[in-house]
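# Observations on chain architecture
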Amino acid sequence: MNFFRGVITGQAAGPQPTGAETIQKLCDRVASSTLLEDRRDAVRALKSLSKKYRMEVGTQAMDHLINILQTDRSDSEILGYALDTLYNIICNDEEEEQDESEDENAQKQADDLGAQFTEKLIQDPEHITLLLTLLEEFDFHVRWPAVKLLTALLKNQGVQVQGIILVSPMGVSRLMDLLADSREVIRNDGLLLLQQLTKGNAAIQKIVAFENAFERLLDIITEEGSSDGGIVVEDCLLLLLNLLKNNSSNQNFFKEGSYIQRMKPWFEVGDDNSGWSAQKVTNLHLMLQLVRVMVSPVNSPGATANCQKCMFQCDLLQQLCTILMATGVPADILTETINTVSEVIRGSQVNQDYFASVNAPSNPPRPAIVVLLMSMVNERQPFVLRCAVLYCFQCFLYKNQKGQGEIVATLLPSTIDANSISAGQLLCGGLFSADSLSNWCAAVALAHALQDNLTQKEQLLRVQLATSLGKPPVSLLQQCTNILSQGDKIVRRGSKVQTRVGLLMLLCTWISNCPIAVTHFLHNQDNVPFLTAQISENLGEDERLVQGLCALLLGICIFYNDNSLENYTKEKLKQLIEKRIGKENFVEKLGFITKHELYSRAALKPQPVFPSPEQMLFDHEFTKLVKELEGVITKAVHKSSEEEKKEEEVKKTLEQHDNIITQYKELIREQDAQIQELKEQMTTMNTQNEQMQATITQQLSQIQQHKDQYNILKLKLGGFSATVPANRCGSCPPGKENQSLSSSQGESSQVNGLQTEELSQLREELEELRKQHALLQTQLGDKDALIDSLKSSAQTESPAGGSDNTELLQELDALKSQIQSQLAEINQLKVERQELLRKAEAVSSDTAPTSDGTSDATKADLESRLIAQTSETEKLKESRAELEQQLASATSSVAILQTEKTKLQSELQESKKEQDDLLMLLADQDQKITALKQKLKDLGEMVEDEDDIDARDQTSEEDDEDED
């Protein structure tokens, strides 16, 4: 213990040992001490020496310290000392502070030392896993040093440590738990750790994002005060940038999670914008970069369009435009805001239209585009701000033909307003100003107003410029060529490479794919000689780019030439190149453009980013045009007139074929339309046909039903006539009987005259009726059998009342038979009465009264018979009523008996169920007894089976019989 105190307090006891010796003794003590207190003191001493003797502690004590982390997990104090010691020997931050005044070699050695110790530590992946498990310790003295140590390891060997954490179970989840720690120191260092962890590793970025990182980080930003927050907000924003940049999956997850809407409050800047702190500027700069990441041109077009739409719907674009037009905003924030607005509106028609409607808060109000262009052509404005405004103008016109038309319209004579400044006037002023950067920016901006828009290229040919008093106005195209070719003050201004490059890019964009503009350009007799002179001269390195652009412009004049000018046809221009320049020399000069070092840099991304104004030479969209035209111009120059004629013939043939194909396509479309129309008509007619067929079928069935009914009625009438007896009425005269016979014969003849189909239908119906009758007879027999069974069961179940039930049933049957017989008699009497009435009417109408009174006697006789039958009918009705009453009483008695029978049957079913349950219980009991007997047998006990018992009983009975 005295030794440790001496090491810690620095007290001298005899000769002083060297640092290496002291560290060696401490390491031996850590490895050999059995007391925890001794090991703790030794590790504390190593921690105090680790900064001064970094090399010695790292080489001698690292393994012992790792062993402490593995074995002494119960003591948080020694774990904290060991982690701090490892951090001191691995981290380079302290060395950077101490070696600030030393040479670079010493600093490099310190950095290499940290990398070497890191590599040694991560040789065994279990060491990183051990550190991840220590993060689960809640003790501050363990968790915080573990976080710092992991951060240092990631700084020194990021890729290797990322790979180990990625494959470690729950490794990333443990690190994400640091953001939920209530201690701000651990949470803030956890942010730094996650920053290092997510650098350049898309897999870890996705895992962190799906561990709810966006929600937690945005909550922390809000809690810390958003843009007014401190360094913690900056760390959160840097981590968000790591997660979203170049990671389409996380970007989509961020958008789908509605996190874009939560960014809007960040940009709510007040009216008083004075006194911006450096931290606020940094925070807002990172927030703008985060918006740009979501709508970057390098993202997929679909994802960018969705984010742009979302930013417009949640008023984020409107908030950015408010900052854009606000006063007192720092220059770098204003520049980044312009770049952000540029990418939010790029290629989005809705956003571009909104931006065109934004006005600056001036008196009178001016469009935001005009205010921005005023900054672009003002040479006193910062260079980065002018580049940002140019980028904003390019993005506003990107795939926006409506905006292109509005910009070009401000240059046309019919729309110029002398009382206000327009975008076209600012562009023309910048195009011909003394500042070469303004010339270049205005030329590129105007070229973007013509990009892929043939209509505006032709419209711009109408623009006229007033050069000086007393001289006629000249066209904008001629003025641009004059600046390039004339030899007075204008040339001195245009002699700057930047100005001439800008004008040449404008002219190439303007006349490409526009034969009318090519004709206007060639109409000026000085243009072609100037271009050939520029290309053929041997100029210095600075002029090579101008030569290449002149070659490109001349090549466009050949490729898009419609041969309308006799002196400058394609063939004559190619001959001129061959004589004055040479084809090979022309192609070589044309290649100077793509070989320029700034060309490839401009081709990378749309935003014009240049370290200095002098390097601002190429535009991104122009590089696309060069790539498209270089090959076709080279082919066009090398082709002979015969090849061109052949190509023209082939083109004409192809055009004819295309016209024929177009005509056939139109004919086919017309025929398709006719076929479709005929198909629809056919479908309609088929529907109508089906409806008519259904109607006809229904009507035929109705007709057939009427026929069947008619035939049945005829049969019924014929049957009735045949069944009426001839002597039914004894008083009928013989003539009436003959008449009845003759009518029956007539009806039978009508029946015989039926058609064969009707007879067959009647037979089928008769057969069906017979089947129904047989079925009813069967059902009736079943019911009779059921009644008999009920009778027998009732007699067996209630013997005392069986005779009464039988008598009641017999009486019931007798009553039913009497009622049926009386009904038959009543019906017969009704028929006879109707017959008598008919005869009476016939007698009264046909027979006149005579003197001898014969008819009166007959009439009286009929009346007396009618009276007698009426009285008999009344009696039968009375007896019928009595019988019905008896029948009702008998029916009620039968119902009572039926109820009793039902009760008895239910009791019988219950008794049967109980009997079945008893049988099942007995069967179960038998099985159990059998099983128990079998167990007894298995145990060696003697058990008699039932068969043995029965056999023994039988034997004893036989013995008894023998004795008897």
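These numbers come from a predicted model, not from an experiment.

### A closer look at helix α33 (residues 541-559)
- For α33, spanning 19 residues, the distance from its first C-alpha to its last is 28 Å, which sits close to the expected 27 Å at 1.5 Å a residue.
- Most of α33 sits inside the fold, with 15 of its 19 residues counted as buried.

### A few points about the pattern of salt bridges
- Applying the stated criterion across every chain, the model contains 22 salt bridges.
- A salt bridge links Arg44 to Asp41, with the shortest nitrogen-to-oxygen separation between them at 2.7 Å. One end of the pair, Arg44, and the other, Asp41, are both in helix α3 (residues 36-49), three residues apart, so they sit about a helical turn from each other.
- We classify Arg44 as partly exposed; its relative accessible area is 26%.
- Between Arg73 and Glu137 there is a salt bridge, and its shortest N-O distance comes to 3.8 Å. A residue pair is termed long-range when its members are at least 10 positions apart, and Arg73 in the loop between α4 (54-71) and α5 (76-90) and Glu137 in the loop between α8 (125-134) and α9 (140-156) qualify at 64 residues.
- On the basis of relative accessibility, which here comes to 34%, the residue Arg73 falls in the partly exposed class.
- The class of Glu137 is partly exposed, set by a relative accessible area of 29%.

### Some details on the nonpolar core
- Counting 210 residues, the largest nonpolar core has Leu175, Trp266, Phe267, Phe355, Trp510 and Leu552 as the members making the most contacts within it.
- Apart from residues lying up to four places away in sequence, Trp510 is in contact with Leu450, Lys457, Leu460, Leu461, Leu476, Leu477 and Ala517.

### Observations concerning the environment of Leu531
- Here Leu531 shows up in helix α32 (residues 527-536).
- Spatially, the C-alpha atom of Leu531 lies 9.4 Å from that of Leu484, the residues being 47 residues apart in sequence.
- Setting aside its immediate chain neighbours within four residues, Leu531 contacts Phe521, Cys550, Leu553 and Leu554.

### Structural notes on unusual backbone geometry
- Residue Pro364 follows Asn363 across a cis peptide bond; omega there is 0 degrees.
- Note on placement: Pro364 falls in the loop between β1 (359-360) and β2 (366-367).
- Positioned with a positive phi, Met170 is a non-glycine residue whose angle comes to about 60 degrees.
- Tracing the backbone through its elements, the reader meets Met170 in the loop between α10 (158-167) and α11 (171-176).
- For Asn212, which is not glycine, the phi dihedral falls at a positive 65 degrees.

### Quick look at the packing of helix α19 (residues 316-325) against helix α21 (residues 349-357)
- Remark: α19 packs on α21, axes separated minimally by 11 Å, with the N-to-C direction vectors making an angle of 35 degrees. α21 is crossed by α19, and the crossing has right-handed handedness. Residues Leu317, Gln318, Cys321 and Leu324 of α19 pack against Asn351, Tyr354 and Phe355 of α21.
- Its residues assigned to classes, the contact of α19 with α21 comprises five nonpolar, two polar and no charged.

### What about a negative patch on the surface?
- A grouping of Glu907, Glu910, Glu914, Asp916 and Asp917 is seen on the molecular surface, where their side chains present a negatively charged patch.
- Residue class for Glu914 comes out exposed when judged on its relative accessible area of 51%.

### Description of the side chain of Thr151
- Counting through the fold element by element, Thr151 comes out in helix α9.
- The class of Thr151 is buried, set by a relative accessible area of 10%.
- Not counting the four nearest positions on each side in its chain, Thr151 is found in contact with Asp189, Leu192, Leu193 and Gln196.

Conventions adopted
Residues numbered from 1 in each chain as written. Predicted model: local features only at pLDDT ≥ 70, side-chain atom pairs only at ≥ 80, totals over all residues. Heavy atoms only, no water. Helix = DSSP H or I, 4+ residues; strand = E, 2+ residues; numbered from the N terminus. Expected span 1.5 Å × (residues − 1). Buried < 20%, exposed > 50% of the residue type's maximum accessible area, 1.4 Å probe, protein only. Salt bridge = Lys/Arg side-chain N within 4 Å of Asp/Glu carboxyl O. Core = buried A, V, L, I, M, F, W, Y, C linked by side-chain atoms within 4.5 Å. Contact = heavy atoms within 4.5 Å. Axes fitted to C-alpha atoms, helices over the stretch in contact; angles between N-to-C directions. Left-handed = near helix turned anticlockwise from the far one by under 90°. Nonpolar A, V, L, I, M, F, W, Y, C, P; charged D, E, K, R; others polar. Patch = residues over 30% accessible without salt bridge, like charges linked within 9 Å, V, L, I, M, F, W, Y side chains within 5 Å. Areas by Shrake-Rupley, 256 points an atom, 1.4 Å probe, with all protein chains shown as cover. Lys, Arg positive; Asp, Glu negative; His and termini not counted. Charge placed at Lys NZ, Arg CZ, Asp CG, Glu CD.

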